[in-house]
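Residue-level structural notes
This is what each chain is made of:
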Amino acid sequence: MHFNDLGVDFKYLIVNEKDLKFGISVNTVGFQSIAPNSPYPLKDHPSGYFFNAQKGRVLKEYQLLYITKGGGRFASENTPETNVTKGQVIILFPDQWHTYAPSQKTGWNEYYIGFEGEMIDSLMKNGFIRKNNQILDVALNEELVNLYSRALEIAETDKAGAQQYLSGIVMHILGMIISISQNKIYELGNVDQKIETAKIIMHENVFKDIDVEALATKLNISYSWFRKVFKDYTGYAPAKYFQELKLRKAKQLLIETSQSVKEIAYLLNYTSTEHFFSLFKKRTGFTPIEFRNFSREVDPGFTEKKEEKKYLSK
């Protein structure tokens, strides 16, 4: 593994037609340690990858560059020139002009992996990676370094199935950097702590009702900001998240207790049993009694059938 200044180690791979059908194919993986006051880029790369730092270049693939020491600069047709430092990942996109270089004063250590494929195109199309957000903060992370190092080892052995192994590593790296960078954003200004506090309050009041606007006030934040950030953080608007907690608790009570649908609706403070029954069916595709019997793998008894018929006729 490369935790020091051992120079350069890289591999360019041959991709066959079968590999392309997998959805991701890896073209290159490597590590470079650029000492202060050293020329950059190095000249021993194929012509398709070498570039002049002043003129920049355009690649036909995606690349993920992870800087683990030093710093430098980066610019692209979508990103104005900006400083890059250790603990950051640069995402390069196909057919996009870009340039980057380490600082002459500090140099840098960089891990990189280049890849392409329909699976990655889909991630971009769905907004998981974006051209207007090319520099992600992930801090120094040994697990991430291990993934790059393992990719280099697999590429160098070049055994059967190596491309599929490398494709899995690419997805692991992508998943890590997306998750870590998003959570670092929420850590600024204790945003994550405010959202986690709100979630705990919801959990502890699942048998009651919560006014989400009052909850935002309790946390000393505006409701509009709270609603946006909460949804970005959890994938749900606050009120929706609270309803999902109630539904989860209802499922638990249906499976683990013998309480009737009416009792569970009352416990969870639904406006009526009929409302609970209708909401549960809409969200799960099952009536509460169907869910209970399916989960327990038993046939509904006469009383439960009678109760279900009553609510279905509403």
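The paragraphs below set out a description of the structure included in this document. All residue numbers here refer to positions counted from 1 along the written sequence of the relevant chain. In keeping with the model being predicted, local features are shown solely for residues with a pLDDT of at least 70 and side-chain atom pairs are shown and tallied solely at 80 or more, while totals for entire chains, interfaces and linings include all residues. Processing note: side-chain calculations cover all non-hydrogen atoms of the structure and skip hydrogens and water entirely.

So, on to the environment of Val-58. The numbering of helices and of strands both runs from the N terminus, where a helix is a DSSP run of H or I of at least 4 residues and a strand a run of E of at least 2. Its place among the elements puts Val-58 in strand 3 (residues 57-58). As a C-alpha pair, Val-58 and Gln-96 span 38 residues in sequence and 5.5 Å in three-dimensional space.

Take helix 10 (residues 273-284) next. Multiply 1.5 Å by the residue count of a helix minus one, and that product is the helix's expected span. Spanning 12 residues, helix 10 covers 16 Å between terminal C-alpha atoms, matching the ideal 16 Å at 1.5 Å per step. A 1.4 Å probe rolled over the protein chains alone gives each residue an accessible area, and that area as a share of the maximum for its type sets the label: buried under 20%, exposed over 50%, partly exposed in between. Every buried residue of helix 10 is accounted for by Thr-273, Phe-276, Phe-277 and Phe-280. Buried residues of helix 10, seen end-on, are gathered within an arc of 100° and therefore sit on one face of the element. Just past helix 10, the residue Gly-285 takes up positive phi, approximately 85°. The arc refers to the directions leading from the helix axis to the C-beta atoms.

When you tally the buried positions in strand 2 (residues 25-34), you get 10 out of 10 residues, the bulk of the element. Across 9 bridges, the pairing between strand 2 and strand 8 (residues 108-116) is antiparallel. Following the sheet pairing, Phe-31 is matched in strand 8 by Tyr-111. Each pair of strands is called paired provided DSSP finds at least two bridges between the two strands.

Residue types Ala, Val, Leu, Ile, Met, Phe, Trp, Tyr and Cys, when buried and joined through side-chain atoms within 4.5 Å, form a set referred to as a nonpolar core. In terms of nonpolar packing, the biggest core is built from 36 residues, with Leu-64, Ile-113, Phe-115, Ile-120, Leu-144 and Ile-177 touching the most fellow members. Counting residues per element, the ones that place at least two in this core are strand 2, strand 4 (62-76), strand 6 (88-92), strand 8, helix 2 (118-125), helix 3 (142-157) and helix 4 (162-187). Looking at this core element by element, the count peaks at 9 residues for helix 4. The next biggest cluster of nonpolar side chains, apart from the first, holds 18 residues, and it includes Phe-226, Phe-230, Tyr-241 and Phe-242.

Moving on: the pattern of salt bridges. We define a salt bridge as a contact between a side-chain nitrogen of Lys or Arg and a carboxyl oxygen of Asp or Glu at a distance within 4 Å. Enumeration according to the criterion identifies 5 salt bridges in this entry. With a shortest N-O distance of 3.0 Å, Asp-95 and Lys-60 are connected by a salt bridge. Note that Asp-95 is positioned in the loop between strand 6 and strand 7 (97-102) and Lys-60 in the loop between strand 3 and strand 4, a separation of 35 residues in sequence. Glu-153 is the partner of Arg-150 in a salt bridge, and the nearest nitrogen-oxygen pair spans 3.0 Å. In this pair, Arg-150 and Glu-153 are both assigned in helix 3, 3 residues apart and thus about one turn of the helix distant. A relative accessible area of 34% means that Arg-150 is categorised as partly exposed. What makes Glu-153 partly exposed here is its relative accessible area of 34%.

All right, on to the packing of aromatic side chains then. We call Phe, Tyr and Trp rings a pair once their centres come within 6.5 Å, taking the six-membered ring for Trp, and we label the pair stacked below 30 degrees between planes, edge-to-face above 60, and tilted otherwise. The final tally for this structure, using the stated rule, is 15 aromatic pairs. Here Tyr-40 and Trp-108 contribute two aromatic rings whose centre-to-centre distance is 6.0 Å and whose plane-to-plane angle is 85°, an arrangement assigned as edge-to-face. With a gap of 68 residues between them, Tyr-40 in the loop between strand 2 and strand 3 and Trp-108 in strand 8 connect regions that are remote in the sequence. Accessibility classification places Tyr-40 together with Trp-108 in one group, the buried group. When the centroid spacing of 5.9 Å and the interplanar angle of 10° are considered together, the rings of Tyr-62 and Phe-115 count as stacked. Of this pair, Tyr-62 sits in strand 4 while Phe-115 sits in strand 8, and the two are 53 residues apart along the sequence. We classify Phe-115 as buried; its relative accessible area is 2%. Members of the aromatic cluster, connected to one another through ring pairs, are Phe-31, Tyr-66, Tyr-111 and Tyr-148. Directly above the aromatic system of Tyr-270 lies the positively charged group of Lys-246, at a separation of 5.8 Å from the ring centroid. Only when the NZ atom of a Lys or the CZ atom of an Arg is both within 6 Å of the ring centre and within 35 degrees of the ring normal do we say a charge sits over the ring.

Turning next to the packing of helix 5 (residues 191-204) against helix 7 (residues 223-234). At their nearest, the axes of helix 5 and helix 7 sit 10 Å apart, and the two run at 85° to each other. With respect to helix 7, the element helix 5 is oriented roughly perpendicular. Every residue of helix 7 that contacts helix 5 at Val-191, Asp-192, Ile-195, Glu-196, Ala-198, Lys-199 and Met-202 is listed here: Trp-225, Phe-226, Val-229, Phe-230, Tyr-233 and Thr-234. Partitioning the contact of helix 5 with helix 7 into residue classes produces 9 nonpolar, 1 polar and 3 charged. For every element, the axis is a line fit to its C-alpha atoms; helices are fit only across the contacting stretch, and the angle between N-to-C directions ranges from 0 to 180 degrees. An angle below 35 degrees is read as roughly parallel, one above 145 as roughly antiparallel, one from 65 to 115 as roughly perpendicular, and any other as oblique. A contact between two residues is defined here by any heavy atoms of the two lying within 4.5 Å. All amino acids are sorted into three groups, where Ala, Val, Leu, Ile, Met, Phe, Trp, Tyr, Cys and Pro are nonpolar, Asp, Glu, Lys and Arg are charged, and the leftover types, Gly among them, are polar.

How two helices pack is summed up by the angle between their axes together with the distance between the axes. Axis separation between helix 10 and helix 11 (residues 288-296) bottoms out at 8 Å; the angle between their running directions is 55°. The pairing of helix 10 with helix 11 is recorded here as oblique in orientation. Residue-level inspection shows Phe-276, Phe-277, Phe-280 and Lys-281 of helix 10 in contact with helix 11, the latter providing Pro-288, Glu-290 and Phe-291. Among the residues making up the contact of helix 10 with helix 11, the classes are represented as 5 nonpolar, no polar and 2 charged.

Sheet topology places strand 4 next to strand 5 (residues 82-85); 4 bridges connect them, and they run antiparallel. By the bridge assignment, Arg-73 is partnered in strand 5 with Asn-83. Taken together, strand 4 and the strand that follows it, strand 5, pair antiparallel across an intervening segment of 5 residues.

Another point: the environment of Gly-175. Its location among the elements puts Gly-175 in helix 4. Between the C-alpha atoms of Gly-175 and Phe-128, which are 47 residues apart in sequence, the distance is 9.5 Å.

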